[in-house]
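Survey of secondary and tertiary structure
The lines below spell out each chain.
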Amino acid sequence: MALSRSLDSRLIDQAKTFEAVAWLALVLLALNLLRLVGIVSLGFALAEGISAGDIASAAPQVRAFLRSMVEVLPTLIYLGGVWSARRMFARIGEGELFSDANSRSLADIGSSLMWGALAAMIVVPQVLAWIDGDRGLGGVRIEQEALVLAVIGGGIVLVGRMLAEATRLQSELDEIV
Amino acid sequence: MPVIVTLDIMLARRKMKARDLAQRIGLSETQLSLLRTGKVRGVRFETLAKLCAVLECTPGELLDYSYDAGDLTGESPDEA
């Protein structure tokens, strides 16, 4: 399926714009992960408490350390998706439309949205509840924004599979002169 | 048995170079080479018409075929 020359250049320009936005998102997500610096200092405080032989007094630091580790989980997952998006935009910006790499990137983007949202709704609040001493399963927090992200992520995974099929069809078409 | 492309015979008859033919019909030399060796999945009618117009021939002079029952079942000569 050949694209018109004008559509090609519009698509490429859009891809380059989105790549710039993706870089911005990566920087912001990375800054959010600077919380990990706080996690490292918590780790040191915890080690000091343990080495002083007073493990019980280190309990608040342990709790804070574990909470921080869990809270960054969705950010880490989204970071992977945005990185895949940036690479896909870069390839499209260079004119590569139908390719296995782009269909894999699309699937990666969808997966990261889906799993990041599920982590934010289910894993993070439930594990935080357990860290705070709650023994039940009542920590799950269903939020509509996260639910929408999960559904859209699933949709993007399917679109990635459709792109893989389109790539196969394009490849077949290229063999007809 | 697949359809055989006899384009080389017509090129020789018309004393034309493949490079010149490719340029006149708007194909790359690579694409024309693949067509000449039969390594393409198909040919568009548009391309066939251009070939016939430039080489002053009919499609039957560019393509040849011998009956093979395997073509009806989709079997390749290696599978039959």
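This write-up is about the structure you can find in this document. All figures in this text were calculated on a predicted structure; none of them were measured in a lab. (Residues numbered from 1 in each chain as written. Chains lettered and ligands numbered in written order. Predicted model: local features only at pLDDT ≥ 70, side-chain atom pairs only at ≥ 80, totals over all residues. Heavy atoms only, no water.)

Brief notes about the packing of helix α4 (residues 73–93) of chain A against helix α5 (residues 100–131) of chain A
All names here are of chain A. Relative orientation of the contacting elements α4 and α5 amounts to 165°, with a least axis distance of 8 Å. Judged by the inter-axis angle, α4 sits roughly antiparallel to α5. The hand of the α4/α5 crossing is left-handed. In terms of residue class, the contact of α4 with α5 is built from 17 nonpolar, 6 polar and 2 charged. (Axes fitted to C-alpha atoms, helices over the stretch in contact; angles between N-to-C directions. Helix = DSSP H or I, 4+ residues; strand = E, 2+ residues; numbered from the N terminus. Parallel < 35°, antiparallel > 145°, perpendicular 65-115°, else oblique. Left-handed = near helix turned anticlockwise from the far one by under 90°. Nonpolar A, V, L, I, M, F, W, Y, C, P; charged D, E, K, R; others polar.)

Here's the deal with unusual backbone geometry
Glycine aside, the phi torsion of most residues is negative, and most peptide linkages are trans. Residue and element names in this part refer to chain B. Although it is not a glycine, Lys 15 sits at a positive phi angle of roughly 50°. Assignment of secondary structure puts Lys 15 in the loop between α1 (7–13) and α2 (18–25). Despite not being glycine, Glu 56 has its phi angle at roughly 50°, a positive value. Following the sequence through the fold, Glu 56 ends up in the loop between α4 (45–55) and β2 (63–64).

Quick notes on the pattern of salt bridges
All names here are of chain A. Per the counting criterion, the structure on display carries 10 salt bridges over all chains. When the shortest N-O distance is used, the salt bridge between Glu 165 and Arg 168 registers 2.6 Å. Within this pair, Glu 165 and its partner Arg 168 are both found in helix α6 (residues 144–174), separated by 3 residues, close to a single helical turn. We note a salt bridge from Arg 168 to Glu 172, for which the minimum N-O separation is 2.7 Å. (Salt bridge = Lys/Arg side-chain N within 4 Å of Asp/Glu carboxyl O.)

A short note on the interface of chain B and chain A
Accessible area lost on assembly of the parts is the figure often given for the size of an interface. Each partner contributes residues to the interface: chain B has 9 residues there, and chain A has 5 residues. Approximately 690 Å² of surface area, both sides summed, lies buried where chain B meets chain A, with 55% of it carried by carbon and sulfur atoms. Considering only the surface of chain B that becomes buried against chain A, Arg 41, Gly 42 and Arg 44 of chain B emerge as the three largest contributors, covering 68% of it. Where chain B meets chain A, there are 1 salt bridge. The closest approach of N and O atoms between Glu 175 of chain A and Arg 41 of chain B, which form a salt bridge, is 3.5 Å. Taken together, the connections running from chain B to chain A amount to 5 residue pairs in polar contact (both at pLDDT 80 or more). A class-by-class count of the residues in the side of chain B that touches chain A yields 4 nonpolar, 3 polar and 2 charged. (Contact = heavy atoms within 4.5 Å. Buried area = accessible area lost by both parts, 1.4 Å probe. Polar contact = N/O pair within 3.5 Å; in protein donor to acceptor, adjacent residues only side chain to side chain.)

So, a nonpolar patch on the surface
Taken together, the side chains of Leu 73, Ile 122, Val 123, Val 140, Ile 142 and Leu 147 of chain A present a nonpolar region at the surface, about 460 Å² in accessible area. Overall, the relative accessible area of 38% leaves Val 123 of chain A in the partly exposed class. (Patch = residues over 30% accessible without salt bridge, like charges linked within 9 Å, V, L, I, M, F, W, Y side chains within 5 Å. Areas by Shrake-Rupley, 256 points an atom, 1.4 Å probe, with all protein chains shown as cover. Buried < 20%, exposed > 50% of the residue type's maximum accessible area, 1.4 Å probe, protein only.)

Details of the nonpolar core
Core analysis: the biggest nonpolar cluster contains 20 residues, and Leu 7, Leu 21, Leu 32, Leu 35, Leu 55 and Leu 62 of chain B have the highest contact counts within it. Counting only elements with at least two residues in this core, the list comes to α1, α2, α3 (29–36) and α4 of chain B. Tallying contributions element by element places α4 of chain B first for this core, with 5 residues. Setting aside anything within four residues of it in sequence, one finds Leu 35 of chain B in contact with Val 177 of chain A together with Val 5, Leu 7, Val 40, Val 43 and Leu 51 of chain B. (Core = buried A, V, L, I, M, F, W, Y, C linked by side-chain atoms within 4.5 Å.)

Considering the packing of aromatic side chains
For any pair of aromatic rings, the description rests on two quantities: the centre-to-centre distance and the angle between the ring planes. Residue and element names in this part refer to chain A. Evaluation of the coordinates by the stated rule reveals 2 aromatic pairs over all chains. Aromatic pair Phe 18 and Phe 89: ring centres 5.6 Å apart, planes at 50°, arrangement tilted. Residue Phe 18 is located in helix α1 (residues 5–32), and its partner Phe 89 is located in helix α4; the two are separated by 71 residues in the primary sequence. A residue is classified by how much of its surface remains accessible, and Phe 18, at 43% relative accessible area, is partly exposed. Note on Phe 89: relative accessible area 17%, which makes it buried. Arranged with centres 5.9 Å apart and planes meeting at 80°, the rings of Trp 23 and Trp 83 form a pair that is edge-to-face. Placement of Trp 23 in helix α1 and of Trp 83 in helix α4 is noted, with a sequence separation of 60 residues between them. One residue, Arg 86, lies across the ring of Trp 83, its end atom 4.5 Å from the ring centre. (Phe/Tyr/Trp six-rings, centres within 6.5 Å; stacked < 30°, edge-to-face > 60°. Lys NZ or Arg CZ within 6 Å of the ring centre and 35° of its normal.)

Comments concerning the environment of Leu 33 of chain A
Residue and element names in this part refer to chain A. Structurally, the position occupied by Leu 33 is in the loop between α1 and α2 (35–51). For the pair formed by Leu 33 and Val 72, sequence separation is 39 residues and the distance between their alpha carbons is 6.8 Å. Excluding its chain neighbours within four sequence positions, the residues that come into contact with Leu 33 are Val 72, Thr 75, Leu 76 and Leu 79.

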